[in-house]
Amino acid sequence: MAEGDAGTDSETRPKGIEALKQHVISHKVEVSLWCTRLATIIFTFAYILPLFWNPASAYYRILLANAATSALRLHQRLPAMQISLQFLTQLFKEDSCHYLLYSVIFLYVSPNILVILPVFLFSTVHFASYSLTLLDLLGQNAWWGARLLISLVEFQSRSILRLIAFSEILVMPLTLFMSFFGRSGLLSIVFYYHFLTLRYASQRNPHTRLMFTDLRIAAENFANKSGTPSFLRSAILSGIATISRMAPVVPQN
């Protein structure tokens, strides 16, 4: 009976512009997140196709929009700020805290498309998900073309999250490379290493940790092939051992 009532309520719930207005008023933070993610997407296209903004300006706007998104998510998920070890521990477990740190790190680094890739992809996945909620308020037949694009993003969401994890890992050697040419500072390397350890230990998003595992297995398989030169095999296995020692301990649930 309860399920039937719920279905009837869903069917009779008002749709259209008025329903959308009421939703915006009662869900200000969620709608603000939708807007900051949209801004991130727009600025990313402006960076790739610099028709209206200077690419460097668009790059920094992407990071600022991402910082705003991360701050809003932290406001959603955390209690009032406290000066305590427990609060700081909880803070650094949040993925939003990781990406707020990410934005701060790369505000002081020369623009690079690989840096903004994970930010853009995260924004796209979450923007698409909430856009569906907004479209449902307008009616089932509203903006069918947009619904098709959203369905495509959601269908590929797992692959997108794996690509984000892969790009997070690739940014580490990129940061090292840029430091040799004066395009990033030594502190950027230190802070990015800590960002990567936070992503590795993330309890809500295991994709970075899983990607490290997949890359390790692929590297070991290549090193153990009969045709791999011994010096290369030794270098690969030594690199794997070094990276494994640097990996944080992940508590088992």
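Residues numbered from 1 in each chain as written. Predicted model: local features only at pLDDT ≥ 70, side-chain atom pairs only at ≥ 80, totals over all residues. Heavy atoms only, no water.

Asker: Go over the environment of Ser123 with me, naming the residues and quoting the values.
Answerer: Along the chain, Ser123 falls in helix 7 (residues 113-138). Judged by relative accessible area, which is 3%, Ser123 ranks as buried. Sequence separation of Ser123 and Pro111 is 12 residues, and the distance between their C-alpha atoms is 19 Å. Once residues within four sequence positions are removed from consideration, Ser123 is found in contact with Arg37, Thr40 and Ile41. Engagement of the side chain of Ser123 in a polar contact is seen with the backbone oxygen of Val119, the distance being 3.0 Å. (Helix = DSSP H or I, 4+ residues; strand = E, 2+ residues; numbered from the N terminus. Buried < 20%, exposed > 50% of the residue type's maximum accessible area, 1.4 Å probe, protein only. Contact = heavy atoms within 4.5 Å. Polar contact = N/O pair within 3.5 Å; in protein donor to acceptor, adjacent residues only side chain to side chain.)

Asker: Can you lay out the confidence of the model for the protein chain for me, pointing to particular residues and giving the numbers?
Answerer: On average, the protein chain scores 86 in pLDDT, and the residues at 70 or more come to 92%. A low-confidence stretch, residues 1-10 (pLDDT under 50), is modelled with one contact involving residues beyond four sequence positions or located in other chains. (pLDDT = per-residue confidence, 0-100.)

Asker: Tell me what's going on with the pattern of salt bridges, and back it up with residues and numbers.
Answerer: This structure, assessed with the given rule, holds six salt bridges. Of the charged contacts in the structure, one is a salt bridge between Lys21 and Glu18, with a shortest N-O distance of 3.7 Å. Of this pair, Lys21 and Glu18 are both found in helix 2 (residues 17-26), three residues apart, which corresponds to roughly one turn of the helix. Judged by its relative accessible area of 52%, Glu18 is exposed. Connected through shared salt-bridge partners, Asp95, Glu168 and Arg199 make up one network. (Salt bridge = Lys/Arg side-chain N within 4 Å of Asp/Glu carboxyl O.)

Asker: Outline the packing of aromatic side chains, listing residues and values.
Answerer: Aromatic ring pairs are described here by two measures, namely the spacing of the ring centres and the angle between the planes. Scanning the model with the defined rule gives 14 aromatic pairs in all. Consider the rings of Tyr47 and Tyr59, whose centres lie 6.1 Å apart with planes at 45 degrees: the pair is tilted. Pair noted here: Tyr47 is in helix 3 (residues 28-48) and Tyr59 is in helix 4 (residues 55-77), with a separation of 12 residues, a long-range link. A residue is classified by how much of its surface remains accessible, and Tyr59, at 0% relative accessible area, is buried. Judged by centre distance (4.9 Å) and plane angle (55 degrees), the ring pair of Tyr102 and Phe106 falls under tilted. Here Tyr102 pairs with Phe106, and both are found in helix 6 (residues 95-106), just four residues apart, close to one helical turn. In this structure, Tyr102 and Phe106 share a single accessibility class: buried. An aromatic cluster is defined as three or more aromatic residues linked by ring pairs; in this entry it consists of Tyr99, Tyr102, Phe106, Phe122, Tyr192 and Phe195. (Phe/Tyr/Trp six-rings, centres within 6.5 Å; stacked < 30°, edge-to-face > 60°.)

Asker: Explain the UniProt feature "transmembrane region" (unreviewed entry) in the protein chain to me, and be specific about the residues and the numbers.
Answerer: In the numbering used here, UniProt assigns the "transmembrane region" (unreviewed entry) feature to residues 31-53, 99-121 and 184-201. Taken end to end, residues 184-201 has its terminal C-alpha atoms 25 Å apart, with 83% of it in helix and 0% in strand. (UniProt positions renumbered as here; feature names shortened; annotations may be inferred.)

Asker: Requested: an account of the nonpolar core, with residues and values cited.
Answerer: Core analysis: the largest hydrophobic core is formed by 35 residues, its most contacted members being Tyr59, Tyr99, Tyr102, Phe106 and Tyr192. Of all elements in the fold, only helix 3, helix 4, helix 6, helix 7, helix 8 (144-155), helix 9 (157-180) and helix 10 (186-200) reach the threshold of two or more residues within this core. In terms of residue count, helix 7 provides more of this core than any other element does, 10 residues in total. Once residues within four sequence positions are removed from consideration, Tyr59 is found in contact with Tyr47, Phe106, Val109, Ser110, Pro111, Asn112, Val115 and Ile116. Ranked by size, the runner-up nonpolar core spans five residues in total, among them Leu74, Leu78, Phe87 and Cys97. (Core = buried A, V, L, I, M, F, W, Y, C linked by side-chain atoms within 4.5 Å.)

Asker: Provide a residue-level description of the layout of surface pockets, including the pertinent values.
Answerer: Quantified by volume, the largest pocket comes out at close to 690 Å³. Around the largest pocket, the lining comprises 24 residues; the ones closest to its centre are Ile169, Phe212, Gly239, Ile243 and Ser244. Along the lines of polarity and charge, the residues of the lining of the largest pocket split into 19 nonpolar, four polar and one charged. Estimated volume of the second largest pocket: approximately 550 Å³. Around the second largest pocket, the lining is made up of 23 residues, and of these Arg37, Arg73, Ser96, Phe122 and His126 lie nearest the centre. (1 Å grid on protein atoms, 1.4 Å probe; cavity = no way out; pocket = protein on both sides within 12 Å on 5 of 7 lines; lining within 4 Å. Points joined across faces, edges and corners; volume = space filled by probe spheres on them. Nonpolar A, V, L, I, M, F, W, Y, C, P; charged D, E, K, R; others polar.)

Asker: Mind laying out a nonpolar patch on the surface, listing which residues take part and the relevant values?
Answerer: A grouping of Ile48, Leu49, Leu51, Phe52 and Ile113 is seen on the molecular surface, where their side chains present a nonpolar patch of about 610 Å² in accessible area. Its location among the elements puts Leu49 in the loop between helix 3 and helix 4. (Patch = residues over 30% accessible without salt bridge, like charges linked within 9 Å, V, L, I, M, F, W, Y side chains within 5 Å. Areas by Shrake-Rupley, 256 points an atom, 1.4 Å probe, with all protein chains shown as cover.)

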